[in-house]
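Breakdown of the fold
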Amino acid sequence: MKDTDIIGFANPNLANENDEEDEITKIKKKVCKKSGGFQSMALSFPVLKGILKRGYKIPTPIQRKTIPLALEGRDVVAMARTGSGKTACFLIPLFEKLKARQAKAGARALILSPTRELALQTLKFIKEIGKFTGLKASVILGGDSMENQFTAIHGSPDILVATPGRFLHICIEMDLQLNSIEYVVFDEADRLFEMGFGEQINEITNRLPESRQTLLFSATLPKVLVDFAKAGLSDPVLLRLDVESKIPEQLALSFIVCRPEEKLAVLLCLLKSVIKSDSQIVIFAATQHHVEYIHQVLDKAGISNTFIYSNLDPSARKINAAKFQNNKVRALVVTDVAARGLDIPHLDNVINFNFPAKSKLFVHRVGRCARAGRSGTAYNIISPDEHAYLVDLHLFLGRPLFIITPSGSMENTEGAIGKMPQEMIEEELAQLINWQNSSTDLQNMETVCDNAYKQYIRSRPAASSESIKRVKELHIGEAGVIPEYSDVSSNTRNLLSKMLSYRPQGTIFEIGAKASSTDYQVMKTKRSLHKQSIVNFHRKAEELEAKKKLGEQSKTVNLPSSTNDEINSAFNTVILPKKRNVDDLYKPSKKKKRSTTKDEEFFIPYAAPDRHTEEGLAVNSFNTEADKVQMDLTADNEESQRLQTQIKKWDRKKKKMVTINNDRKINKIRTESGVWIPASYKTNRYSAWKEKSKVDAANDDDSDEEEPAQMQKLLTTANTHWARHNKKLKEKIQSNKELKRPEQILKARKLLERKRNRNGKKNRKGQKNRGKKR
């Protein structure tokens, strides 16, 4: 018999060890082949195995920057484009920090998500990547059974994934202590504050230990989030990877100009004629009323679709999102505040039904597609009131503005601004009018949408004044048809363009009216009175156009510049402006200057003399970087729009307008049902659950997983001396079994040192007293 046979049959454990060694050698070979991957981050074997099994090979830029910082224990505020792999950025360091399961320690990591969908998605990633670590994770969501969540927390999970509202309710209900939390993640942090979870987040943060590590991940950085990061994080590092590449290279852009009443017709043209029938589309609308209206119209058109907005019931949102993610429907109609965190891996197209008011919001919207190296297209339907925002976007992206000429002659139409063929729009518009005439629901919904859009315009931030001025000169409304969409014959197109540009000589009072009628006579008299003014107006317009053409044709001549020697030889006296100190530029000019004397030996200035140089050379300062990237989103319903326009007053100290806190709901919590309750409010649901499930009575020593330390245990009084003695010994043994953190060990050492010092002082006093008696 061979030695290998003896090893194979007699020692099965050794065979398993050999298999593991073979797997480790395979991974090491991969390290040699591909440097700069996850293997070079010095990750432990179970974590690395989970990453490779999930299919991750090379880390994304945000992962390459964030994971090493998180492994060092730094607080991080990471801001990157959606779809760049932010979930793995906080899960991989989390697994490295927790290492293995600890049943008696309680929850050691907390991940807060704004929506149910994102929380469940994060839980799925934890199970996939952390498969080999043995860590236990539980999810706590609003709308689910609280009794089941009590059971889950009593199971002592290592990781808690939760929405803020329900998690705070559970904390108050159970008197849950969060002292064991070491790692906190705020996923889509800007969205957490937009949804009104500010009070809950601050309350949860106050309950967390100061020695925790905090990671904040967000697509945008509003002012509220910057203030929270300054107060709640210790020396945070701001990571921005959205500066160089704002939009993926694989993403194609298309800008379609139309009248406001033609928007729905253009949308139907895109869905029926332009976009492939087997591809999925996300449609962004301004308000929840627009979402419902578009949903009804698409149902009439026979296009399978579903919808999500912020006020929708949680279970309905979950069902609708699952329909789209499982490819059961073709289109998903959403608002901005409802589309955060949805990961749709095979999304092909995005349609902006209402163009976003902020350029960063546009980047977030179109970032839903063309993720992880895939290609995609973003279609934008733009009405005249949104032209200024279009110019703002091109300035933000640093791209030239290409407007297709009325003739349609243009070599490169990528990202160009143009129109849809009018005959295609007219056909769909006629169909829409028929549907509205036959359906009272559509008529009522259209009226609601018009009113909602008026409210939306009030809360929408204004475009820059420079863009508004430039829009008047660009004449975007006169753009030609985009060649890609012009599938009809050229004769029909030319005829329709002539019909659109036709302007009759007479007015409605003159055409078809009798010469003897009063209307006809009045209009003729009025026309003869203003005839000369009309002629002068047309003549001036023609002169302006001629001047523009001449200006374009004329070439500028570069004159040679003169040297200092030539100037000095020509002029005897040269008066130059007085050199001013850099600090003087920031001082207001005064007619009368007071003569002040200062003692240079003892004078201390308010600012350092080289402060401007230091500010210019500062690298990765959180405050300066955060001030550049602040952004607030617009709301999708009436209540949140009202909250955005609160009363403001002038603050003398800050020298700016600040919002007055008129909220009477201070120190209160909003539950998942929408009711505001005091922060200290408690129901008897937890105590009733404990009685029903007999949790305290079932606390025995033989169980493998005991209740965590932060839960209330069965209180038994030790009456005799030996009972008290045994209780102390038991507590000492349990405390020695638990794995202590560094700060706990330091605290225990300090207490022991104090006790020894006290005992030493007592012994010295005793010795002195004995000496005196002698």
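Residues numbered from 1 in each chain as written. Predicted model: local features only at pLDDT ≥ 70, side-chain atom pairs only at ≥ 80, totals over all residues. Heavy atoms only, no water.

Within an unreviewed UniProt entry, the label attached to the chain reads RNA helicase, and the organism entered is Dufourea novaeangliae. We quote the UniProt Subcellular location (unreviewed entry) comment for the chain here in full: "Nucleus, Nucleolus". Quoted verbatim from the Catalytic activity (unreviewed entry) heading of the UniProt record, the comment on the chain is "ATP + H2O = ADP + phosphate + H(+)". (UniProt positions renumbered as here; feature names shortened; annotations may be inferred.)

1. Looking at the overall build of the chain
Within the chain one finds 29 helices and 18 strands. Considering the chain as a whole, with its 774 residues, one finds that 40% of them fall into the buried category. In the chain, the proportion of contacts linking residues at least 24 apart, taken out of those at least 6 apart, comes to 75%. (Helix = DSSP H or I, 4+ residues; strand = E, 2+ residues; numbered from the N terminus. Buried < 20%, exposed > 50% of the residue type's maximum accessible area, 1.4 Å probe, protein only. Contact = heavy atoms within 4.5 Å.)

2. A look at the confidence of the model for the chain
Predicted confidence across the chain gives a mean pLDDT of 75, with 68% of residues reaching 70 or more. Here residues 552-559 is a poorly scored stretch, pLDDT under 50, and it has zero contacts once near neighbours within four places are set aside; other chains count. (pLDDT = per-residue confidence, 0-100.)

3. Some remarks on the side chain of arginine 212
When you line up the elements, arginine 212 lands in the loop between helix 10 (198-207) and strand 6 (213-218). Summary of buried charges: arginine 212 has no salt-bridge partner, and the nearest side chain of opposite charge, aspartate 75, is 6.5 Å away. Only 3.2 Å separates the side chain of arginine 212 from the side chain of threonine 214, close enough to count as a polar contact. With residues up to four places along the chain from it excluded, the contact list for arginine 212 reads Asp75, Ile181, Glu182, Val184, Thr205 and Gly232. (Lys, Arg positive; Asp, Glu negative; His and termini not counted. Salt bridge = Lys/Arg side-chain N within 4 Å of Asp/Glu carboxyl O. Polar contact = N/O pair within 3.5 Å; in protein donor to acceptor, adjacent residues only side chain to side chain.)

4. Focus on the pairing of strand 1 (residues 76-79)
A regular strand places its side chains on the two faces of the sheet in alternate fashion. Of the two faces of strand 1, both are covered, the one formed by Val76 and Ala78 as well as the one formed by Val77 and Met79. Strand direction decides the pairing type here: strand 1 and strand 6, joined by four bridges, are parallel. Each bridged residue has a counterpart across the sheet, and for valine 76 the counterpart in strand 6 is leucine 215. (Pairing = 2+ DSSP bridges.)

5. Considering the sheet that holds strand 3 (residues 137-140)
As summarised here, the arrangement of the seven strands in space is 3-4-2-5-6-1-7, forming an open sheet in which the pairing is parallel. Lying at the two open borders of the sheet, with one neighbouring strand each, are strand 3 and strand 7 (237-240). Adjacent strand axes in the sheet meet at a mean angle of 15 degrees, parallel and antiparallel pairs treated alike. With four bridges joining them, strand 2 (residues 109-112) and strand 5 (residues 183-187) adopt parallel strand pairing. Looking at strand 5, one finds that isoleucine 111 is bridged to valine 185. (Axes fitted to C-alpha atoms, helices over the stretch in contact; angles between N-to-C directions.)

6. Notes on the sheet that holds strand 12 (residues 349-352)
Pairing in this open sheet of seven strands is parallel, and the strands run 10-11-9-12-13-8-14 from one edge to the other. Each edge of the open sheet is held by one strand with a lone partner, namely strand 10 (305-308) and strand 14 (417-418). Summarising the sheet, strand 8 (residues 251-257) and strand 13 (residues 376-382) pair through seven bridges and their orientation is parallel. Bridge assignment links serine 254 to a residue of strand 13, and that residue is tyrosine 379. Of the strands in this sheet, strand 8, strand 9 (281-284), strand 12 and strand 13 touch helix 15 (residues 359-366), which is tilted by about 145 degrees from strand 12. Sheet contacts for helix 16 (residues 387-397): strand 8, strand 13 and strand 14; angle to strand 8, the most-contacted strand, approximately 155 degrees.

7. Looking at the packing of helix 6 (residues 116-129) against helix 14 (residues 314-325)
Two elements in contact, helix 6 and helix 14, have axes whose closest approach is 9 Å; the angle formed by their N-to-C orientations is 60 degrees. One finds that helix 6 runs oblique with respect to helix 14. The residues of helix 14 that touch helix 6, namely those facing Arg116, Glu117, Leu120 and Gln121, are Pro314, Arg317, Lys318, Ala321 and Gln325. Split by residue class, the contact of helix 6 with helix 14 holds three nonpolar, two polar and four charged. (Parallel < 35°, antiparallel > 145°, perpendicular 65-115°, else oblique. Nonpolar A, V, L, I, M, F, W, Y, C, P; charged D, E, K, R; others polar.)

8. Some words on the pattern of salt bridges
Counting across every chain of the model gives 15 salt bridges. With a closest N to O distance of 3.5 Å, glutamate 96 and lysine 99 form a salt bridge. Of the charged contacts in the structure, one is a salt bridge between glutamate 117 and arginine 317, with a shortest N-O distance of 3.8 Å. In this pair, glutamate 117 is assigned in helix 6 and arginine 317 in helix 14, connecting sequence segments 200 residues apart. This pair shows no difference in class: glutamate 117 is buried, exactly as arginine 317 is. Residues joined in a network through salt bridges with shared partners are Arg259, Glu261 and Glu262.

9. Observations regarding the packing of aromatic side chains
Inspection of the entire model under this criterion finds nine aromatic pairs. Ring centres of phenylalanine 150 and tyrosine 686 lie 5.1 Å apart, and the angle between their planes is 65 degrees; on these two criteria the pair is classed as edge-to-face. You can see phenylalanine 150 sitting in helix 7 (residues 146-154) and its partner tyrosine 686 sitting in helix 27 (residues 685-693), a full 536 residues away along the chain. Accessibility assignment for this pair places phenylalanine 150 and tyrosine 686 in one class, buried. Among the aromatic residues, ring-to-ring pairing joins Phe150, Tyr686 and Trp689 into one connected group. (Phe/Tyr/Trp six-rings, centres within 6.5 Å; stacked < 30°, edge-to-face > 60°.)

10. Let's talk about the packing of helix 15 against helix 16
Helix packing for two helices is described by the angle between their axes and how far apart those axes are. Two numbers describe how helix 15 lies on helix 16: the axes approach to 9 Å, and their chain directions differ by 80 degrees. Taken together, helix 15 and helix 16 sit at an angle that is classed as roughly perpendicular. Across the interface between the two elements, Ser359, Lys360, Phe362 and Val363 of helix 15 pack against Asp392, Leu393, Phe396 and Leu397 of helix 16. Its residues assigned to classes, the contact of helix 15 with helix 16 comprises five nonpolar, one polar and two charged.

11. Topic: unusual backbone geometry
Of note, the phi angle at glutamate 188 is positive, near 50 degrees, even though the residue is not glycine. Notably, histidine 475 is not glycine yet its phi reads approximately 55 degrees, a positive angle. In this structure, histidine 475 sits in the loop between helix 19 (465-474) and helix 20 (490-501). Using a relative accessible area of 41% as the deciding quantity, one classes histidine 475 as partly exposed.

12. Observations regarding the nonpolar core
Core analysis: the biggest nonpolar cluster contains 43 residues, and Leu267, Leu270, Leu271, Ile283, Leu298, Ile351 and Met420 have the highest contact counts within it. When residues of this core are traced back to their parent elements, those giving at least two are helix 12 (263-274), strand 9, helix 13 (288-301), strand 11 (331-334), strand 13, helix 17 (422-438) and helix 18 (440-459). Tallying contributions element by element places helix 12 first for this core, with eight residues. In contact with isoleucine 283, other than residues within four places in its own chain, are Leu267, Leu271, Leu298, Ala331, Leu332, Val333, Val334, Ile351 and Phe353. Listed in part, the 39 residues of the second largest apolar core include Leu110, Leu112, Leu192 and Leu221. (Core = buried A, V, L, I, M, F, W, Y, C linked by side-chain atoms within 4.5 Å.)

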